[in-house]
Amino acid sequence: MSNARAIIERHLVEGSAERDKDVSIKIDYTLTQDATGTLAYLQFEALGIPRVRTEKSVSFVDHNTLQTDYKNADDHRFLQSAAAKYGIYFSRAGNGICHQVFLERFAVPGKTLLGSDSHTPTAGGMGMLAIGAGGLDVACAMGGEPFSMRMPEIVGIKLAGKLAPFVSGKDVILEVLRRIDVKGGVNKILEYFGKGVETLSVPERATITNMGAETGATTSLFPSDEATRAYLAVQQRADGWAPLPAAASDKEFDSVIDVDLASIVPLVAKPHSPGNVVPVTEVEGMPLDQVAIGSCTNSSVKDLTVAASILKGKTVAPGVSLGISPGSRQVLMQVTKSGALHALIQSGARVLESACGPCIGMGFAPPSGGRSLRTFNRNFQGRSGTGDAQVYLASPEVAAASALAGKIADPRKLEGIEMLPIPESLDIDDGMIIAPLPDGRGIEVAYGPNIKPVPVAPPMPADLRAKVALVVGDNITTDHIMPAGADLLPLRSNIPEIAKHVFERVDRTFAERALKEKGGIIVVGGTNYGQGSSREHAAIAPMYLGVRAVIAKSFARIHEANLVNFGIIPLEFADEKDAGAIAAGDVLEFPGIRTYFEGGGRGHFVARNASRDADVPVRHHLSPRSIQTLLAGGLLNSIREKLAKR
Ligand code: MIC
Ligand code: SF4
């Protein structure tokens, strides 16, 4: 059996692990970060449960660390007090990026993890079944509720051979993206197996599982083997190791993709999609303004040591600014001790905080129309903070070689590089992780003035009649729907304020127009609507503005779940061609929509386009549980009803 299926079966609470059936699994661990965590804990509080019911829950501070005023600092204080009260480990600002720190200090093979961040699957590099979700789903998991999903297809990725010099984990996942693109993984688990697995270290595996999120996959998973045991031993956590041998045959999977590691070349994802992948030779020579090495994808000791080896004794090109954000305090201390950091600083690198930083537009934005090459996982337009910048994604090897050359460079052409050794032992120091006290009853949760209650959706109406406020194309990201960056992230705990910025990168008038429509509004989208992050703000804020339904050709998994959690009905066109037949301003009617869903939501269902006197057939993939949630006006309402009954 595949490891993914085995873990799901061992954690099965309800439903069945058969493909496309609804399945609910027990969650052992949870993870939150600050930008999604404040809402997650406000919602946990609203559930009225005194203490978390997981094995371990961890709250990280890594996104909102710029602190240009009181807002982020207030959020941090709120998170720390909530962690103490509810029994949660708290990783303080400065300790590093949630996924890197979780991998180092918490991840264990064979267990389940639900995290309010789309890159939670990073822990899959250690054999943990790690899934990204909205904050409310994570709050419910902290309350002991199982996590429900449609059982994904399990795709085996069979690795053979060994990577060539100057080719690394990033190139493996870019190769996967080159083949299946940004929606090829939707409702799939990508499980790695085959002889090639043994040749990859845990940090390299974690780069691959991290960026599996960019394919839309539910999660990605590696076996737990001797490399995993060795990684845990260095972390002084050898007792957490459990074997999870690689699947022995192709038959364990619904389908298989063969990847020959030896034939992979250094790859680059061009603007503005992580799926826009070409060999480095195709973009070689492209002048650059900046290079950034870091993010939860590529900021391990190995990544920084490789970059340091390439840069040692040289200076970055005059036209390039090089930024380095170490993934964790542990990484930073380690490269300080080994001397790799010295080589980086000496080469001219600007050492940024151990946090998400430029990956989410928190500083280090490129110049106007600038070109930036980054070891990150997303290059959506505008995400860097500069609307017209061109962002390329690549490995630390390509990044370091390019920083020296001042233009995109092929690291295989470097000569005389001596690899600095990667230290074999570590100084373990959990001083910046605050363990929960045995009893949190006396603790007061600290709210700042920017922390506002989470709005709740109204129950589903008997009939729905609403105006189409916006029509968008394919692959709309949550960064389009609810942008992030240094200006907006501090508003994450204040929905009325952040809602003013919904869709502003697409249409500046959206929020204002939406608030004027008293009957609610509808958004029409293309394929893979809502790809990218797990931010539930991309559902709550539209809900607050009156969005009642989204009709798209297809949805990204986490965003579709977030829409349901906040009472927005996700509908698909029965015939994709109909997407072109609806224009902004049209009024759509769904007479008897509540009765339809109360009856189980089966059978023929149409949206009546009252402006064009036409019927548009629509469909949905909602489980009975999701239908109940929508009828109640969102998950908070339906869980409260359930808890009250108990
Ligand atoms: C991202 O990489 O887009 C983020 C910022 O980490 C998001 C979470 C968020 O928006 O807070 C994610 O990946 O889920
Ligand atoms: Fe942070 Fe970027 Fe990773 Fe998101 S993708 S968790 S913003 S480092």
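Throughout, a residue's number is its position along its own chain's written sequence, starting from 1. Chains carry letters and ligands carry numbers; both start at the beginning, A for chains and 1 for ligands, and go up in the order they are written. The model is predicted, so local features are restricted to residues of pLDDT at least 70 and side-chain atom pairs to those at 80 or more, both for listing and for counting; the totals for chains, interfaces and linings are taken over all residues. Just so you know, side-chain values use all the structure's heavy atoms and leave hydrogens and water out.

### Observations concerning the side chain of His11
Within the secondary structure, His11 is located in the loop between helix 1 (3-10) and strand 1 (12-15). Classification of His11 as buried rests on a relative accessible area of 9%. A polar contact is formed between the side chain of His11 and the side chain of Asp28, at a distance of 2.7 Å. Ignoring anything within four residues of it in the chain, the contact list for His11 reads Ser24, Ile25, Lys26, Asp28, Gly110, Lys111 and Thr112. Numbering of helices and strands runs from the N terminus; a helix is a DSSP stretch of H or I covering at least four residues, while a strand is a stretch of E covering at least two. Only protein chains enter the area calculation, which uses a 1.4 Å probe; residues under 20% of their type maximum are buried, those over 50% are exposed, and those in between are partly exposed. For the purposes of these results, a polar contact is taken to be a pair of N or O atoms within 3.5 Å, where, inside protein, one atom must be able to donate a hydrogen and its partner to accept one; residues adjacent in sequence count only when each atom of the pair is a side-chain atom. For this analysis, residues touch if any pair of their heavy atoms sits within 4.5 Å.

### Brief notes about the pairing of strand 24 (residues 569-573)
Most of strand 24 sits out of view: five of its five residues are buried. Going residue by residue along strand 24, you find Ile569, Leu571 and Phe573 tucked away on one face and Pro570 and Glu572 tucked away on the opposite face as well. When DSSP locates at least two bridges between a pair of strands, those strands are taken to pair. Two strands pair when backbone bridges link them, and strand 23 (residues 547-552) and strand 24 are joined in this way by four bridges, in the parallel orientation. Each residue of the ladder has a partner; that of Ala552, found in strand 24, is Glu572.

### As for the sheet that holds strand 8 (residues 147-150)
Two strands in a sheet stick together by hydrogen bonds in their backbones, pointing the same way (parallel) or opposite ways (antiparallel). Spatially, three strands are ordered 1-2-8 in an open sheet, and the strand pairing comes out antiparallel. Strands with a single pairing partner mark the edges of an open sheet, and in this sheet they are strand 1 and strand 8. Sheet twist, expressed as the average angle between the axes of neighbouring strands with direction ignored, equals 25°. In the sheet, strand 1 pairs with strand 2 (residues 22-25) via three bridges, with the strands oriented antiparallel. Bridge assignment links Glu14 to a residue of strand 2, and that residue is Ser24. Inter-axis angles, ranging from 0 to 180 degrees, are taken between N-to-C directions of lines fitted to C-alpha atoms, where helices are fitted over the stretch in contact.

### Focus: the site of ligand 1
Proximity criterion: a residue is near a molecule or strand once any of its heavy atoms comes within 4 Å of it. For ligand 1, the set of nearby residues contains 14 residues, the closest of which are Asp117, Ser118, Arg383, Ser534 and Arg535. In the model, an oxygen atom of ligand 1 is placed 2.8 Å from a nitrogen or oxygen of the His63 side chain. One nitrogen or oxygen atom from the side chain of Arg383 is found 2.8 Å from an oxygen atom belonging to ligand 1. Using the Shrake-Rupley algorithm and a 1.4 Å probe, accessible areas are obtained, with residue cover drawn only from the displayed protein chains. Burial of ligand 1 by the protein amounts to 97% of the accessible area it has alone, namely 330 Å². Residues are called lining when one of their atoms sits within 4 Å of a cavity or pocket point, these points coming from a 1 Å grid over the protein atoms alone, where a cavity is a set in which a 1.4 Å probe fits but cannot get out and a pocket is an open set with protein on both sides within 12 Å along at least five of seven lines. Throughout, a molecule is located in a cavity or pocket provided that more than half of its atoms lie within 2 Å of its grid points. According to the grid-proximity analysis, the pocket containing ligand 1 is the largest cavity. Each residue receives one of three labels: charged for Asp, Glu, Lys and Arg, nonpolar for Ala, Val, Leu, Ile, Met, Phe, Trp, Tyr, Cys and Pro, and polar for the others, Gly being one of them. Its residues assigned to classes, the shell around ligand 1 comprises two nonpolar, seven polar and five charged.

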